[in-house]
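Inside the fold
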Amino acid sequence: MKLSHKFVKNIPDTLENGVVYVSMDYSTAIHKCCCGCGNEIVTPLSPTDWKLSFDGETISLYPSIGNWSLPCQSHYWITDNEVEWASRWTKRQIERGRIEEEQDKEKYYGKKKRRSIFGFFKK
Ligand SMILES: [Zn+2]
């Protein structure tokens, strides 16, 4: 599946299917879930969230996009404007991914700024 991208200043109210909108002002990319379910997927760009690369023609997002909180549970990579489907994760993998994400954020932001939404993993 081929995507296109648009660099925008503000995120538009209605999103087209198959378009990744990138706002440098807001350090955010947003697109409609590639499975076609219509949910809007927001990928913040930051050292601990997603990284966007642009080669002049196509964009890539790193790491993969895992929509675990959606009913479709889609998991895919966006590489050079191409959707590469990845395997669904098991509950265990999702949990491990979240813990790793938390550790990354902790390393980056320091322990004091730990986000409380992840608190339930700390026992
Ligand atoms: Zn979906």
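Residues numbered from 1 in each chain as written. Predicted model: local features only at pLDDT ≥ 70, side-chain atom pairs only at ≥ 80, totals over all residues. Heavy atoms only, no water.

Observations regarding the sheet that holds strand E1 (residues 4-8)
The following threshold applies: One bridge is not enough; two strands pair if DSSP finds at least two bridges between them. Each helix is a run of H or I in the DSSP string that is no shorter than four residues. Each strand is a run of E no shorter than two, and both are numbered from the N terminus. Axis lines are fitted to C-alpha atoms, over the contacting stretch for helices. Their N-to-C directions set the angle, which ranges from 0 to 180 degrees.
A sheet is described by the order of its strands in space; here four strands give the open sequence E1-E2-E3-E4, paired in mixed fashion. Two strands close off the open sheet at either side, each with one partner strand: E1 and strand E4 (40-44). Geometrically, the sheet is characterised by an average inter-axis angle of 20° between neighbouring strands, direction not taken into account. Here five bridges tie strand E3 (residues 28-32) to E4, and the two strands are oriented antiparallel to one another. Looking at the pairing, Lys32 lines up with Glu40 of E4.

A few points about helix H1 (residues 91-109)
Put simply, the test is: Expected helix span is given by 1.5 Å per residue-to-residue step, counting one fewer step than there are residues. When accessible area is computed with a 1.4 Å probe and restricted to protein chains, residues below 20% of their type maximum are described as buried, those above 50% as exposed, and intermediate ones as partly exposed. The directions from the helix axis to the C-beta atoms are what the arc is built from.
For H1, built from 19 residues, the straight-helix expectation of 27 Å at 1.5 Å per residue is met to within 8% by its first-to-last C-alpha distance of 27 Å. Residues of H1 that are buried include every one of Ile94, Glu102, Lys105 and Glu106, and no others. Take H1 and look down its axis: the buried residues cluster within an arc of 115°, on one side only. Residues of H1 that are exposed and point over 90 degrees away from its buried face: Arg92 and Lys107.

Quick look at the coordination of the zinc ion
As a reminder of what qualifies: In this listing, donors mean N, O and S atoms no farther than 2.8 Å from the metal, or 3.2 Å for Na, K and Ca; water is missing from the atoms, so a site can look incomplete. Labels for metal geometry use angle windows, namely 85 to 135 degrees for all angles of a four-donor tetrahedral site, and for square planar (four donors) or octahedral (six donors) sites opposite donors over 155 degrees apart plus all others within 65 to 115; sites meeting none of these are irregular.
For the zinc ion, the full set of protein donor atoms is Cys33 (SG), Cys35 (SG), Cys37 (SG) and Cys72 (SG), at a range of 2.2 to 2.3 Å. For the zinc ion, the four donor atoms in the first shell make angles of 103 to 114° at the metal, so the coordination geometry reads as tetrahedral. Counting along the primary sequence, the residues that act as donors to the zinc ion give the motif C-x1-C-x1-C-x34-C. Take Cys35: its relative accessible area is 37%, and that puts it in the partly exposed class.

Some points on the confidence of the model for the protein chain
Note the following rule: Confidence scores per residue from the predictor, reported as pLDDT, run from 0 to 100. Contact between two residues is taken to exist if any of their heavy atoms lie within 4.5 Å; hydrogens are not considered.
For the protein chain, the average pLDDT comes to 88, and 89% of its residues sit at 70 or higher. Within the model, pLDDT remains below 50 along residues 118-123, and this stretch shows ten contacts once partners closer than five positions in the same chain are excluded.

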